[in-house]
Amino acid sequence: MSKPQSGEQESQLDESSESEPETEEHPFHWPESADNRKSLTDRFAISESAEKDDARKIVTGDAKYTSDYASNFPNLLEGKVLRSEIAHGYVTNIDTSRAEQMDGVHTVLTPWSESVPEKPYTSAGQSYMEPSPYDMRVLRKKVRYVGDPIAAVAATDGRTAIQAMREIDVEYEQLDPVLDPETARSTAAPQVHDSETVENKLPGHDYERNVEAHAEGEIGDVSAAYEEAEAREDWTVVESDWEMPYQSHLVPEPHTTISRRDEDDRLHVITSTQVPYHTRRQLAHLFDVPIRDIRVSKPRIGAGFGAKQSLLIEPIAVALSEAVGRPVKLQTTRREQFFAGRFRRPMSISMKSVVTDDGALKALDMETLSNSGAYGPHGLTVTGCAGTKPLPLYPNTPNMRFEMDAVHTNLPVPGAMRGYGAPQGHFAVEGHIGEVADAIDMDPIELRRKNMVENGDLDEASGITSGGEGHVRRIRSCGLEDCIDRGKDAIGWGDLKQPDAEHEHRAVGMALSAQGSGVAGDELGAAHIKMNEDGSFILQTGAVDTGPGADTAMSQIASEVLKVDPADIVVQPSDTDISPFDYGAYASSTTYVTGHAVKKAAADAADSIRRIGARMLEIPEARVELDGGSVVDTESANSVSIEAVGYESIYGEANREQIMGQASHSTDQSPPPYGAQFADVTVDDSTGEFTVNKLVFAVDCGTAINPKLAEGQVEGAMHMSYEYAVSGGLEFDEQGRPLTTDFREYGMPTTADQPPLESILVETHEPTGPFGAKSVGEVPTNAVPPALSNAIDRAVDVRIRDLPITAEKIAAKLNE
């Protein structure tokens, strides 16, 4: 039997041992690796703030994004898209003759071009079949918003492509647009979609009334609660209406795609996507290409936030490259990102509740109307999450009702965005809870404590649109009480110093937050890990690191199982030819779902390492464990390095094998992370101007795999939530033309505008999560708007129920 030389094996045998086992000679020298050892008492990787694996590459400019791969293809062409200038109508003619005659122009495509598919599809990067209607085409004969793609150009460079677009003449038959969903629901409104042209329709659709989807559900009997409230003096009914606008993702990297045929005549799409495998499947169906003949590669991504969970420009890039037989790069402009991308969905939410004088919620009633814009990706699911994320914060409310309509208009297309409907829902629910506290003169924290979710509660509300049936879940980890306590202390609740000026008033508002960890029953992550002969590892997953450090977290999870340094684990980027399958980066699923797959795959590899290590130590496998880069005999403390195991497994004299592990993970669980948001604000009652002095978010994310990265997620999400609360959003004229087309017009808060942020990690242990982890990336996105609205109300007794919150709105309310 082959064993490492004595330098690789610690000899700490008992005095009673007869003798040290003889060491057999090897035909090669075992490499030294003793400097990799750690003591048995050291903790390895979990809950350690390991450096983000790509941090240095990003700050030095060495990280490669999709655009950087253009130089790999000397004959690459640049693509540009011609978009509709009207909000509603038919394209009756496109004259491309002048553009086609220009030097450097290689092709001009229109909806009638041979390489442009006519079949309907959805841009939503969701599981199959997508819970989104197939209602769009690659290039459109009927246009439904200003920005619809109607033609595309491929030329030798971008400047030539732009000049060619200006030479294209388009004729329209113009139709009246409909720009708000309430009007759109009328049978007299212009019809955005003909039902006959839509496939994969959603439940409750009514295209004659522009309704993409309708859903409703009830727990208990809300109407009966209203009736009882009318008969009782100690029950109060509270009603309020809430409005939320569009929000842009503001990603630093625009959508970028390179499409080409490789040397084997396979379609290779390099693209900034959050969902490589969904993209591959959707392109295969759309272009009638076998899945085996499509490869989707995801380089580093300059942020996603849900914007890149969409098949936005990939079909046009593929159509162009297929038409010319050359690689084509297509990248949206910054201007296009503001009207032809994807956005957070505008919503109107009506809240109504019943509460007793002592603060017991008896009913919560929520009616949601969402603006689906011109097409329907994510319409049903995002609008549903406006109810199914915040309502479970109060699971012991005996009567709940939720009703939703997703309605088409002739405005830009919403899609997935960080929080996925939950920010809109939390603004309404948590703002309304603040009003309930006012109505019964109760401290808002006391009211929440009396009604909020606790560990062990049974949650029906997360499945309310299905009547709760089959969607009831037991809450196995909830640190919300600690989140409130620690956030309250950090913000100084009840201990604020008032400004000296009489016209300035300071107060703190708060709001609770909940999210999910993946999509319950609709997730799959897979992982493969192999060991090199020097004891290092290559980890492959289909998960997509969009910037927050998912690859680092995956290496830490594998490291914790294998008891090696995370730096010895190389995580490869997602590539459908190489990586195992994964649904992609959305719904806060990566750590919880893919992390589980990584843990199981690493355990599979660890079994082989222990088996071979025990053989080398000539002891039973049950006596060994992994520690500090070694296989250790738990009785004698003799050890053999993992590096030695690697060489033995590949070059040894018998039973050679590649040590590797693989696993998949799917689950019907989606444990919610929780949080408490606090906002400290000073309001000038003479002008309505306000200053946010500090934002604090305390989050229960289970076990924080990497605390520093988790804190970064909280701070980034709070910034996005703050922007949603106070920025201008997107504006349009009466014909649906965009008025907001750049960062300056959008009004994104700059670094100088950002209030101080404090993130607090309240660790619990989620028994269904890898090492007790839940998600953290979205839950802090939900609660700044309601916390700020509540703070302003507590400061000057003015309630703002429509975003953004501005000084002008506060002043107008004060003047009333």
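Residues numbered from 1 in each chain as written. Predicted model: local features only at pLDDT ≥ 70, side-chain atom pairs only at ≥ 80, totals over all residues. Heavy atoms only, no water.

Details of the nonpolar core
- Counting 94 residues, the largest nonpolar core has Tyr394, Leu480, Leu512, Phe678, Phe690 and Leu788 as its most contacted members.
- Grouped together as the second largest cluster of nonpolar side chains are 38 residues, Ala527, Ile557, Val564 and Met616 included. (Core = buried A, V, L, I, M, F, W, Y, C linked by side-chain atoms within 4.5 Å. Buried < 20%, exposed > 50% of the residue type's maximum accessible area, 1.4 Å probe, protein only.)

Structural notes on the pattern of salt bridges
- One pass over the structure, following the stated rule, counts 41 salt bridges.
- Where Arg185 meets Glu182, a salt bridge forms, and the shortest distance between an N and an O atom there is 3.0 Å.
- Under the relative-accessibility criterion, Arg185 is labelled buried at 18%.
- Asp577 is paired through a salt bridge with Arg295; the nearest N and O atoms lie 4.0 Å apart. Taken together, the positions of Asp577 in the loop between strand 23 (569-572) and helix 14 (590-617) and Arg295 in strand 12 (residues 294-297) put the pair 282 residues apart, joining distant regions of the chain. (Salt bridge = Lys/Arg side-chain N within 4 Å of Asp/Glu carboxyl O. Helix = DSSP H or I, 4+ residues; strand = E, 2+ residues; numbered from the N terminus.)

Looking at the sheet that holds strand 28 (residues 674-684)
- The 4 strands lie next to each other as 20-28-29-30, forming an open sheet whose pairing is mixed. Strands at the two margins of the open sheet, each flanked by one partner only, are strand 20 (504-514) and strand 30 (757-761). Sheet twist, expressed as the mean angle between neighbouring strand axes with direction ignored, is 15 degrees.
- Of the pairings in the sheet, the one linking strand 29 (residues 690-700) to strand 30 comprises 5 bridges and is parallel in character. (Pairing = 2+ DSSP bridges. Axes fitted to C-alpha atoms, helices over the stretch in contact; angles between N-to-C directions.)

A short note on unusual backbone geometry
- With an omega dihedral of -10 degrees, the bond running from Tyr128 to Met129 counts as a cis peptide bond.
- Assignment of secondary structure puts Met129 in the loop between strand 3 (105-109) and strand 4 (142-143).
- A positive phi angle, close to 55 degrees, is found at Asn200, a residue other than glycine.
- Inspection of the secondary structure assignment puts Asn200 in the loop between helix 4 (181-184) and strand 7 (211-219).
- A relative accessible area of 24% places Asn200 in the partly exposed class.

Digging into the domain arrangement of the protein chain
- The assigned domain composition of the protein chain is domain 1 (40-62 + 520-665) and domain 2 (476-517 + 671-816).
- Just the C-alpha atoms count here: the centres of domain 1 and domain 2 sit 37 Å apart.
- Tallying the contact residues gives 22 residues for domain 1 and 20 residues for domain 2.
- With both sides pooled, the region where domain 1 packs onto domain 2 buries about 1,700 Å², and carbon together with sulfur makes up 63% of that total.
- Its largest share of buried area at the contact with domain 2, domain 1 owes to Ser47, Ser588 and Tyr592, together 36% of the area lost on that side. (Domains from an automatic or database assignment. Contact = heavy atoms within 4.5 Å. Buried area = accessible area lost by both parts, 1.4 Å probe.)

As for the side chain of Arg83
- In this fold, Arg83 is placed in strand 1 (residues 77-83).
- For Arg83, the side chain forms a polar contact with the side chain of Glu336, separated by 2.7 Å. (Polar contact = N/O pair within 3.5 Å; in protein donor to acceptor, adjacent residues only side chain to side chain.)

Considerations on the sheet that holds strand 23
- Spatial ordering of the open sheet is given by 23-22-21-27, a layout of 4 strands whose pairing is mixed. Of all strands in the sheet, those bounded by a partner on one side alone are strand 23 and strand 27 (660-665). Across this sheet, the average inter-strand angle for adjacent strands is 15 degrees, counted without regard to direction.
- Looking at chain direction, strand 21 (residues 525-531) and strand 22 (residues 537-541) are connected through 5 bridges and run antiparallel.

A few points about helix 15 (residues 642-651)
- With 7 of 10 residues buried, helix 15 lies mostly within the body of the structure.
- Against the buried residues of helix 15 lie strand 21, strand 22, helix 13 (550-562), helix 14, strand 25 (630-633) and strand 26 (639-641).

With respect to empty space enclosed by the protein
- All chains considered together, the criterion is met by 4 cavities of 30 Å³ or more.
- A per-class count over the lining of the largest cavity returns 12 nonpolar, no polar and 3 charged.
- Taken as a whole, the second largest cavity spans an internal volume of roughly 50 Å³.
- Lining the second largest cavity we find Ser248, His249, Leu250, Val251, His255, Ala307, Arg334, Gln337, Gly341 and Arg342.
- Looking at side-chain class alone, the lining of the second largest cavity contains 3 nonpolar, 5 polar and 2 charged residues. (1 Å grid on protein atoms, 1.4 Å probe; cavity = no way out; pocket = protein on both sides within 12 Å on 5 of 7 lines; lining within 4 Å. Points joined across faces, edges and corners; volume = space filled by probe spheres on them. Nonpolar A, V, L, I, M, F, W, Y, C, P; charged D, E, K, R; others polar.)

Some points on the environment of Pro499
- Residue placement: Pro499 occurs in the loop between helix 12 (480-491) and strand 20.
- The residues touching Pro499, leaving out its near neighbours within four places in the chain, are Glu504, His505, Arg506 and Thr682.

Here we look at the packing of aromatic side chains
- Overall, the coordinates contain 10 aromatic pairs when judged by the stated rule.
- Aromatic pair Trp493 and Phe678: ring centres 6.1 Å apart, planes at 80 degrees, arrangement edge-to-face. In this pair, Trp493 sits in the loop between helix 12 and strand 20 while Phe678 sits in strand 28, placing the two residues 185 residues apart along the sequence.
- When the centroid spacing of 5.8 Å and the interplanar angle of 35 degrees are considered together, the rings of Tyr647 and Tyr651 count as tilted. Placement of the pair is Tyr647 and Tyr651 together in helix 15, with a separation of 4 residues, close to one helical turn. (Phe/Tyr/Trp six-rings, centres within 6.5 Å; stacked < 30°, edge-to-face > 60°.)

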